[in-house]
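Next come the chains, spelled out residue by residue.
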Amino acid sequence: MQKGQYLLPIHPLVDHMTDEGYPTANVQGKEIPYDPETLRRIKEHPCFSEKACHAFGRAHLAVAPKCNIQCNYCVRDFDCVNESRPGVASEVLNPQEGIERVREVMEKFPYVKVIGIAGPGEPLANPETLETMRLLHEEFPHLILCLSTNGLMLPEYIDELVKYDVYNLTVTLNAIDPEIGAKIYSHVTYKGKKYEGVEGAKILLEQQLKGIEMAVERKMIVKINTVYIPGVNDEHIPEIAKKVGAMGVYNFNIIPLIPQYKFEGVTPPTPAMKREMHDRCAPYVKQMKHCQRCRADAVGKLGKDMQSCLSSGCGGKINE
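Remember, it's a predicted structure, so these values are computed and weren't measured experimentally.

A count of helices and strands for the chain gives nine helices and 15 strands. Within the span of the chain, comprising 320 residues, buried residues form 55% of the whole. Contacts spanning at least 24 positions in sequence make up 73% of the contacts within the chain whose residues lie at least 6 apart.

Encoded structure:
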C-alpha cells in the first residue's frame with residue numbers, strides 16, 4: 001500500500017481483528033481493515049479518539065486571520081488571553097513563527113502529536129496556511145497535520161493538503177438546506193464577489209459537499225462540526241448527520257451555540273438537549289462528545305491548555 005492510500009469505513013465501528021492484528025470495520029457487509037497509519041491518525045488525535053484526549057495533545061497555529069464568510073454566531077475581534085472559544089487567539093503568527101512555536105511545543109510538551117490550523121479566521125482563505133503546512137511537512141513529518149475549514153475553498157486546495165500529508169480534516173457544516181443556511185450566514189465571499197442570503201448559502205453548501213466528497217475519496221479522516229442553534233437548525237441537525245454519514249465521514253461533533261453577534265439573544269442548548277441530539281444523530285454517524293471548543297492558538301491536552309507556558313511570539317494582532 002502506497003503512502004496516503006488509507007482504508008476508511010463508511011461507519012467506523014471497530015468490530016474484529018485481521019490475522020495481522022489490524023482492527024477492522026464492517027462496511028456494507030464487508031470486513032475492511034484500517035491500515036496502521038490511518039489507525040495512528042485516529043488513535044493519537046484527541047478530536048478523533050476520546051481515549052487520545054487523555055494521553056495526547058494538540059497545538060493550533062494561529063496563522064490564518066482572514067475569513068471568507070460571516071457566520072451570525074462568530075466574533076473574531078476579541079483579543080483576550082483568558083477567553084476560550086473558536087476564533088480567539090492572543091496573536092497571529094506568520095509561517096516561520098509557527099514553525100518556531102512547534103519547535104518549542106515539541107521541546108516542552110512531547111505528548112503533543114497533532115499540529116492543526118483552525119483560524120482564527122478561515123485557514124483556506126489565507127495563503128499562510130499552506131506555506132505553514134509545507135514547512136511542517138518538511139521539518140516534522142512524524143506529526144499528524146490537521147485542518148479545520150468552513151469548506152468554501154476546500155475543493156480548490158484539497159490536493160495541496162494531500163501533498164503535505166494533511167489527512168485529518170474538520171469541516172463546519174451547519175445546514176444542508178440553503179434556506180436554513182441563509183439564517184446562519186450573513187454573507188459569503190467567493191472568487192472576489194460577495195453573496196448574501198440563499199444565494200450565498202447555496203454556493204457555500206455546494207462547495208462544502210463537493211469538498212467533503214473529494215476528501216473521502218482521498219481517504220482523509222473527516223470530522224463534521226455542526227453548531228446547534230435552537231430555533232434555527234435544531235430540527236435539521238439529524239438530517240445533516242444522515243447526509244454526511246452516508247458520504248463516509250468519520251465522526252460528527254455537535255457544538256452548542258455560544259450566543260454572540262446576531263445570535264446573542266438566542267438561548268443555547270442545555271447539556272440535556274445536546275445529549276438528546278447526539279442520540280438522534282448516532283444511528284447515522286459516529287458521535288464526538290468530548291469537544292472543548294478550542295481556541296485558535298490552543299496547546300496541550302483538551303481542557304488543559306498550556307499556551308500561557310510558551311514564549312510570547314512576535315506575531316501581530318487579529319485583523320479582519
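Moving on to the nonpolar core. Formed by 72 residues in total, the largest nonpolar core has its most connected members in Ile115, Leu136, Ile224 and Phe252. The element that contributes the greatest number of residues to this core is helix α7 (residues 197-217), accounting for seven residues. Setting aside anything within four residues of it in sequence, one finds Ile115 in contact with Ala59, Leu61, Val102, Leu136, Leu143, Ile144, Leu145 and Cys146.

The next thing to look at is the pairing of strand β9 (residues 185-190). Of the strand pairs in this sheet, strand β5 (residues 69-71) and β9 are connected by three bridges, and their pairing is antiparallel. Opposite Gln70, over in β9, you have His187 as the bridge partner. As paired elements, β9 and strand β10 (residues 193-196) share four bridges and run antiparallel to each other. For Tyr190, the partnering residue across the bridge sits in β10 and is Lys193. A loop of two residues connects β9 with β10, the two strands running antiparallel in sequence, and Lys191 in this loop sits at a positive phi of about 55 degrees.

Pairing within the open sheet is antiparallel, and its three strands lie in the order β5-β9-β10. Whereas interior strands pair on both sides, the edge strands pair on one side only; in this sheet they are β5 and β10. Strand-to-strand twist in this sheet, taken as the mean axis angle between neighbours without regard to direction, amounts to 20 degrees.

Moving on, we get to the packing of aromatic side chains. With the rule as written, the count across this model stands at one aromatic pair. Ring centres of Phe109 and Tyr111 lie 6.0 Å apart, and the angle between their planes is 55 degrees; on these two criteria the pair is classed as tilted. Take Phe109: its relative accessible area is 8%, and that puts it in the buried class.

Attention now goes to the pattern of salt bridges. Tallied over the full model, the rule gives eight salt bridges. Salt-bridge contacts for Glu139 lead to Arg103; the nearest nitrogen and oxygen are separated by 2.7 Å. With a gap of 36 residues between them, Glu139 in helix α4 (residues 127-139) and Arg103 in helix α3 (residues 95-108) connect regions that are remote in the sequence. Under the relative-accessibility criterion, Glu139 is labelled partly exposed at 35%. For Glu235, the salt bridge goes to Arg280, with nearest N and O atoms at 3.3 Å. Taken together, the residues Glu235 in the loop between β11 (221-228) and α8 (237-247) and Arg280 in helix α9 (residues 271-281) connect sequence positions 45 residues apart. Residue classification places Arg280 among the partly exposed positions, given a relative accessible area of 32%. Where salt bridges share partners, they join Glu131, Arg134 and Glu138 into one cluster.

Analysis parameters
- Residues numbered from 1 in each chain as written.
- Predicted model: local features only at pLDDT ≥ 70, side-chain atom pairs only at ≥ 80, totals over all residues.
- Heavy atoms only, no water.
- Helix = DSSP H or I, 4+ residues; strand = E, 2+ residues; numbered from the N terminus.
- Buried < 20%, exposed > 50% of the residue type's maximum accessible area, 1.4 Å probe, protein only.
- Contact = heavy atoms within 4.5 Å.
- Core = buried A, V, L, I, M, F, W, Y, C linked by side-chain atoms within 4.5 Å.
- Pairing = 2+ DSSP bridges.
- Axes fitted to C-alpha atoms, helices over the stretch in contact; angles between N-to-C directions.
- Phe/Tyr/Trp six-rings, centres within 6.5 Å; stacked < 30°, edge-to-face > 60°.
- Salt bridge = Lys/Arg side-chain N within 4 Å of Asp/Glu carboxyl O.

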